Amino acid sequence: MQHSFLASEPDPESDSDTGPLLGSTSSLVSTVPIRKVTVSGDDPAVARQNYERAYDGSRFTVTRGTEPFSFQWVSIGDDRVSLRTATMTGHVTGETPGLTDYVVSWVQTGGGWIVRRDGQRMEIPRSPFVLPFHRPYTVHLTPHRQNSVLFSAPYLEDIATEIHAGPSQQVSFDLEATPTAEAIERWRVALNASTPVLTDESAPPLLRMNAQRPLALALLQLAPWAVVDLPEPLREPSMARTRLAVEYLHHHAAEPITPADAAKAAGLHTRTLQLHCRRELGMSPTAYLRDIRLDRTRRELADRSPQETTVGEVAKRWGFVHLGRFASAYRARFGEGPSQTLRG
């Protein structure tokens, strides 16, 4: 995606003491003016400090490449959405405990990869992809020009409620999925339409908000996702593998998987996943997966009509063999029978 949405000239009014380049305040309604930051130079030590600050990370190293060393950060945005461009002629490696914003990123030149805590390596592509959210990972970048769009968690999670129609909850993207050509094109069109407004420091607040919303919706079409209501202990960095296993259950609920598959995907022993789920979720992984499938069944029944399908067809599609037991579990969870949901 060859799109440079930020100016490359240094801003003489800014320096490296202006604060973190990544991260945003936790407010849905913007009450602060748009903020532009430009940091550039030829000192690898300064570049390292800014990359650590940007990723809220540690153990970052910056080394020179074959060309004379230089770097530049440009950031512009408000407390909902920010556009970022990073350019460097050197190499970067570092660790982050997990981003607190939802970030879409891609490289225009150069490349690199990230390694998740479970050992999964993901190449950083030229097309947009979603970075891990609240998951520790290590980043490696060769000399590059990288673009990113950051969405504050409260903002994106509220926009997502327009689609899933439930309370605002964490959005878990399926990082294994490759965006389709159609999804990338939707993102490109939304980005091109939004950029002139989002980079205009004089844009009125209402115009800015109306430019941000289509971009947020395009992100929610870029990769499959599910909302996951996790208790606070599962959000801690030390529980990253368990959280990954729980998210695996959400993303693969329509497939013939077991909790053992989720534990293996997250690099956990099945027994460890069982203990953590009982302690933090109050149920076994098997019961948790059943509830996910019940929720998906309810969603499908609510979206269909008796002329289109039957309760039995939908229940079997979600793996429920014994319809009597299914109806009983459904009624216990939702307070009504599946036939009532289908009739609307």
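The name an unreviewed UniProt entry assigns to the protein is Transcriptional regulator, AraC family, from the organism Plantibacter elymi.

Novice: How would you sum up the UniProt feature "domain: HTH araC/xylS-type" (unreviewed entry) in the protein? Please name residues and give values.
Specialist: Those residues carrying the UniProt feature "domain: HTH araC/xylS-type" (unreviewed entry) are residues 243-344 in this numbering. The distance from the first to the last C-alpha atom of residues 243-344 is 34 Å, and the span holds 71% helix and 0% strand.

Novice: Kindly report on the sheet that holds strand β10 (residues 137-141), identifying the contributing residues and their values.
Specialist: Read from one edge of the open sheet, five strands run β2-β5-β10-β7-β8, paired in antiparallel fashion. At either end of the open sheet lies a strand with only one pairing partner, and these are β2 (58-63) and β8 (121-123). The sheet shows a mean angle of 10 degrees between the axes of neighbouring strands, taken without regard to direction. Looking at chain direction, strand β7 (residues 112-116) and β10 are connected through five bridges and run antiparallel. If you follow Gly 112 over to β10, its bridge partner there is Leu 141.

Novice: Any chance you could break down the packing of aromatic side chains for me, citing the residues and the numbers?
Specialist: In total, this model carries ten aromatic pairs according to the counting rule given. Between Tyr 102 and Phe 133, the ring centres sit 3.9 Å apart and the planes meet at 15 degrees, which makes this aromatic pair stacked. Within this pair, whereas Tyr 102 is found in strand β6 (residues 101-109), its partner Phe 133 is found in the loop between β9 (129-130) and β10, the two being separated by 31 residues in sequence. Of the two residues, Tyr 102 and Phe 133, neither departs from the other in class, the shared state being buried. An aromatic cluster of at least three residues, connected via ring pairs, comprises Phe 320, Phe 326, Tyr 330 and Phe 334. One cation-aromatic arrangement involves Arg 121 over Trp 113; the distance from NZ or CZ to the ring centre is 4.1 Å.

Novice: Summarise the nonpolar core; cite the residues concerned and give the values.
Specialist: Counting 62 residues, the largest nonpolar core has Tyr 51, Tyr 55, Val 149, Phe 151, Phe 173, Trp 187 and Leu 219 as the members making the most contacts within it. Here this core takes six residues from helix α3 (residues 181-198), the largest share from any one element. If we ignore the near neighbours within four places in the chain, the residues touching Phe 173 are Tyr 102, Val 130, Arg 135, Leu 156, Leu 219, Leu 220, Ala 223, Pro 224, Trp 225 and His 251. Counting residues in each nonpolar core, the second largest holds 30 residues, with Leu 234, Leu 244, Ala 253 and Cys 277 among its members.

Novice: Residues and numbers for unusual backbone geometry, please.
Specialist: Despite not being glycine, Asp 56 shows a phi value in the positive range, around 50 degrees. Structurally, the position occupied by Asp 56 is in the loop between α1 (44-55) and β2. Even without being a glycine, His 134 presents a positive backbone phi close to 55 degrees. Checked against the element boundaries, His 134 lands in the loop between β9 and β10.

Novice: Explain the pattern of salt bridges to me, using residue names and the numbers behind them.
Specialist: Note on pairing: side chains with opposite charge can pair once their charged atoms come close. Counted by the stated rule, this structure contains 16 salt bridges. Notably, a salt bridge pairs Arg 213 with Glu 162, separated by 2.4 Å at the nearest N-O pair. Of this pair, Arg 213 sits in helix α4 (residues 205-219) while Glu 162 sits in helix α2 (residues 153-164), and the two are 51 residues apart along the sequence. The partly exposed category is assigned to Arg 213, whose relative accessible area is 36%. Across the salt bridge formed by Arg 298 and Glu 336, the nearest N and O atoms sit 3.1 Å from each other. With Arg 298 in helix α8 (residues 285-303) and Glu 336 in the loop between α10 (323-334) and α11 (338-343), this pair connects stretches of sequence that are 38 residues apart. Three or more residues are tied together by salt bridges with common partners; here these are Arg 290, Asp 291, Asp 295 and Arg 333.

Novice: Give me the environment of Pro 128: which residues, what numbers.
Specialist: Along the chain, Pro 128 turns up in the loop between β8 and β9. Exposure remark for Pro 128: the relative accessible area of 1% places this residue in the buried category.

Novice: Residue-level account of empty space enclosed by the protein, with values.
Specialist: If you walk through the whole model with that rule in mind, you get three cavities of 30 Å³ or more. Tyr 102, Val 130, Leu 131, Pro 132, Phe 133, Arg 135, Gln 170, Val 171, Ser 172, Phe 173, Leu 175 and Glu 247 together form the lining of the second largest cavity. Of all the elements, strand β12 (residues 170-173) adds the most residues to the lining of the second largest cavity, at four residues. Here the residues of the lining of the second largest cavity sort into eight nonpolar, two polar and two charged.

Novice: Which residues make up α4, and what values go with them?
Specialist: Along its 15 residues, α4 runs 21 Å from first to last C-alpha, staying within 8% of the 21 Å computed at 1.5 Å per residue. Among all positions of α4, only Arg 208, Ala 211, Gln 212, Leu 215, Ala 216, Ala 218 and Leu 219 are buried. Burial along α4 is one-sided: seen end-on, the buried residues are contained in an arc of 155 degrees. In α4, the exposed positions angled more than 90 degrees off the buried face are occupied by Leu 206 and Asn 210.

Rules behind the numbers
Residues numbered from 1 in each chain as written. Predicted model: local features only at pLDDT ≥ 70, side-chain atom pairs only at ≥ 80, totals over all residues. Heavy atoms only, no water. UniProt positions renumbered as here; feature names shortened; annotations may be inferred. Helix = DSSP H or I, 4+ residues; strand = E, 2+ residues; numbered from the N terminus. Pairing = 2+ DSSP bridges. Axes fitted to C-alpha atoms, helices over the stretch in contact; angles between N-to-C directions. Phe/Tyr/Trp six-rings, centres within 6.5 Å; stacked < 30°, edge-to-face > 60°. Buried < 20%, exposed > 50% of the residue type's maximum accessible area, 1.4 Å probe, protein only. Lys NZ or Arg CZ within 6 Å of the ring centre and 35° of its normal. Core = buried A, V, L, I, M, F, W, Y, C linked by side-chain atoms within 4.5 Å. Contact = heavy atoms within 4.5 Å. Salt bridge = Lys/Arg side-chain N within 4 Å of Asp/Glu carboxyl O. 1 Å grid on protein atoms, 1.4 Å probe; cavity = no way out; pocket = protein on both sides within 12 Å on 5 of 7 lines; lining within 4 Å. Points joined across faces, edges and corners; volume = space filled by probe spheres on them. Nonpolar A, V, L, I, M, F, W, Y, C, P; charged D, E, K, R; others polar. Expected span 1.5 Å × (residues − 1). Arc of directions from axis to C-beta.

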